[in-house]
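So the chains spell out like this:
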Amino acid sequence: MSHLTILLPFGLPPPELARDLLRELKLPALATLMARAKNEHSRREFDDFARALPHEMWLSSQFPLPPFSPASPEQGHDAHNSPALACAAMRAMGLPAEQGAWFMLHPAHIHIARDHLVLTDIRQIGLSESDSRELFDAATPLFAEVDRELVYGSASTWFMRADDWQGLLTSTPDAACGHNIDIWMPQGEGARAWRKLQNEVQMLWFAHPLNERRQMQGRQAVNSLWLWGGSPAAASSAGQREVFNLPDGFNGLGQYAKAARTNAGAADVIAAKPEKGLLTLDPLIQPALTGEWSSWLEQLKAMESAWFAPLLQAMQQGRLDSLSLVITDSSHVLELSTSRFALKKFWLKPTLDRLLP
């Protein structure tokens, strides 16, 4: 039996725009899959001030991540902390993570609003390797002064060791994006020390030549670092899932899977005939976080032809036995499931109404 679970972050439109947005969509394949599916759960609501978005919490709950703070009995992971992903991300980049406790760091732009500070989408920074190395080399002495090991991972992701901060609560950058950062800043053990170090980095970078060059190019200044994903070093073990296209920041979860593939298309997923497949379709995250709803519509239309239509056809032809949809927004999760036999219920007309609040 082949089964595929599709995680569709921000596939639920905002309630105030839902009807207008859905009027613009003609997605016959997705509408068919949704109309002939049953609810696995009633639409679940999450805390608007949780330190991770619903799709991030759901995705991390599917893998045996090491605990970094007391687990939430309701969700299996602590909704008041970001997922413990740092060590998994390090191993995925070929970096040793055998001892200590580590955090992820992203070069970021914090916007000064009228009376508060706002974290902008870290995807928009667009640092090259050489530019990121330049900032990394400038910041390293500040970390060394307070005995914090700083490790370069990629242009967008660095790592810091802080064994004594295992009680520190942090937020994912997407959970904090677009909001007053005071609510999502680290709290608890190590918070004051991190804020002091972060301030020193910000002052150093304020007049850095790189930011002067970016300003001349009309680009965002790289004026801060965002810290999250605290994780103790622990051995990983492969699970039974086959995963496809894990999102940025979560691709380290592939080491907990039976097989992990990146840049897979619908044909690759169907040909794999996964017994317990998990596919993430994340193109809606960025336009949803930045409120670019015309782009959100275009991305959904592109997914209809690239993904939903081929997957529907594969089910109709018996190449895929069943399928689940996990669809989220910033505070809800909708879970649906259907099978190739349920698709024969022709009297159930295709509709996207289940996306409505």
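Note that the structure is a prediction, hence the values are computed from the model and not measured.

Rules behind the numbers
- Residues numbered from 1 in each chain as written.
- Predicted model: local features only at pLDDT ≥ 70, side-chain atom pairs only at ≥ 80, totals over all residues.
- Heavy atoms only, no water.
- 1 Å grid on protein atoms, 1.4 Å probe; cavity = no way out; pocket = protein on both sides within 12 Å on 5 of 7 lines; lining within 4 Å.
- Points joined across faces, edges and corners; volume = space filled by probe spheres on them.
- Helix = DSSP H or I, 4+ residues; strand = E, 2+ residues; numbered from the N terminus.
- Nonpolar A, V, L, I, M, F, W, Y, C, P; charged D, E, K, R; others polar.
- Core = buried A, V, L, I, M, F, W, Y, C linked by side-chain atoms within 4.5 Å.
- Buried < 20%, exposed > 50% of the residue type's maximum accessible area, 1.4 Å probe, protein only.
- Contact = heavy atoms within 4.5 Å.
- Pairing = 2+ DSSP bridges.
- Axes fitted to C-alpha atoms, helices over the stretch in contact; angles between N-to-C directions.
- Expected span 1.5 Å × (residues − 1).
- Arc of directions from axis to C-beta.
- Polar contact = N/O pair within 3.5 Å; in protein donor to acceptor, adjacent residues only side chain to side chain.
- Salt bridge = Lys/Arg side-chain N within 4 Å of Asp/Glu carboxyl O.
- pLDDT = per-residue confidence, 0-100.

Asker: Talk me through the layout of surface pockets; I want residue IDs and the actual numbers.
Answerer: Summary: where empty space remains is shown by rolling a probe the size of a single water molecule over the atoms. The space that makes up the largest pocket amounts to roughly 700 Å³. Mapped by element, the contributors of at least two residues to the lining of the largest pocket are α3 (54–61), α4 (86–92), β4 (101–108), α6 (173–176) and α10 (285–290). Take the lining of the largest pocket: its biggest share by element is 3 residues, from β4. Considering only residue class, the lining of the largest pocket consists of 16 nonpolar, 10 polar and 5 charged.

Asker: How would you summarise the nonpolar core if you had to cite specific residues and measurements?
Answerer: Grouped together as the largest cluster of nonpolar side chains are 90 residues, with contacts concentrated most on M34, L59, L253, W296 and L352. Ranked by residue count, the leading element in this core is helix α11 (residues 293–316), at 11 residues. Non-local contacts of L253, meaning those with residues more than four positions away in its chain, are made with L59, F63, L65, L85 and L246. L105, I125, L168 and L227 belong to the second-largest nonpolar core, a separate cluster that totals 29 residues.

Asker: Give me the lowdown on the sheet that holds β4, citing residues and values where you can.
Answerer: Pairing is antiparallel across the open sheet formed by 4 strands, whose spatial order is β7-β8-β4-β9. Single-partner strands in this sheet number two, and they are β7 (150–152) and β9 (224–232). Neighbour to neighbour, the strand axes of the sheet diverge by 30° on average, direction disregarded. Looking at chain direction, β4 and β9 are connected through 7 bridges and run antiparallel. Across the sheet, L105 pairs through a bridge with L227, a residue of β9.

Asker: A description of helix α7 (residues 191–206) should follow, citing residues and the corresponding values.
Answerer: Here α7 is 16 residues long and its end C-alpha atoms lie 22 Å apart, about the 22 Å a rise of 1.5 Å per residue gives. Every buried residue of α7 is accounted for by A191, W194, L197, Q198, V201 and W205. Down the axis of α7, the smallest arc covering the buried residues is 130°, so these residues share one side. Exposed residues lying more than 90 degrees from the buried face of α7 are R192, K196, M203 and F206. As for α7, its buried residues are in contact with β4, α5 (129–145), β8 (158–161), α8 (209–216) and β9.

Asker: If you had to explain the side chain of S331 to someone new, which residues and values would you point to?
Answerer: Looking at the secondary structure, you find S331 in the loop between β13 (322–328) and β14 (332–339). In terms of polar contacts, S331 uses its side chain to reach the side chain of D48, at 3.4 Å. Filtering out sequence-adjacent residues up to four positions away, S331 remains in contact with R44, E45, F46, D48 and P54.

Asker: Account for the pattern of salt bridges, naming residues and giving values.
Answerer: Taken as a whole and assessed by the stated rule, the structure comprises 12 salt bridges. A salt bridge links E335 to R44; its shortest N-O distance comes to 2.3 Å. In this pair, E335 sits in strand β14 while R44 sits in strand β3 (residues 44–45), placing the two residues 291 residues apart along the sequence.

Asker: Would you mind going over the confidence of the model for the protein in detail, with residue names and values included?
Answerer: Taken residue by residue, the protein gives an average pLDDT of 93. The fraction at 70 or more is 97%. A low-confidence stretch, residues 70–78 (pLDDT under 50), is modelled with 15 contacts involving residues beyond four sequence positions or located in other chains.

Asker: So, the environment of S294: which residues are in play, and what are the values?
Answerer: Here S294 shows up in helix α11. S294 sits in the exposed class, given a relative accessible area of 57%. S294 sits 273 residues away from L21 along the chain, and the two C-alpha atoms are 8.8 Å apart.

Asker: Lay out unusual backbone geometry in plain terms, naming residues and giving numbers.
Answerer: Phi is positive for F10, close to 60°, though the residue is something other than glycine. Unlike most non-glycine residues, N245 shows phi in positive territory, near 60°. Mapped onto the fold, N245 is located in the loop between β10 (242–244) and β11 (259–261).

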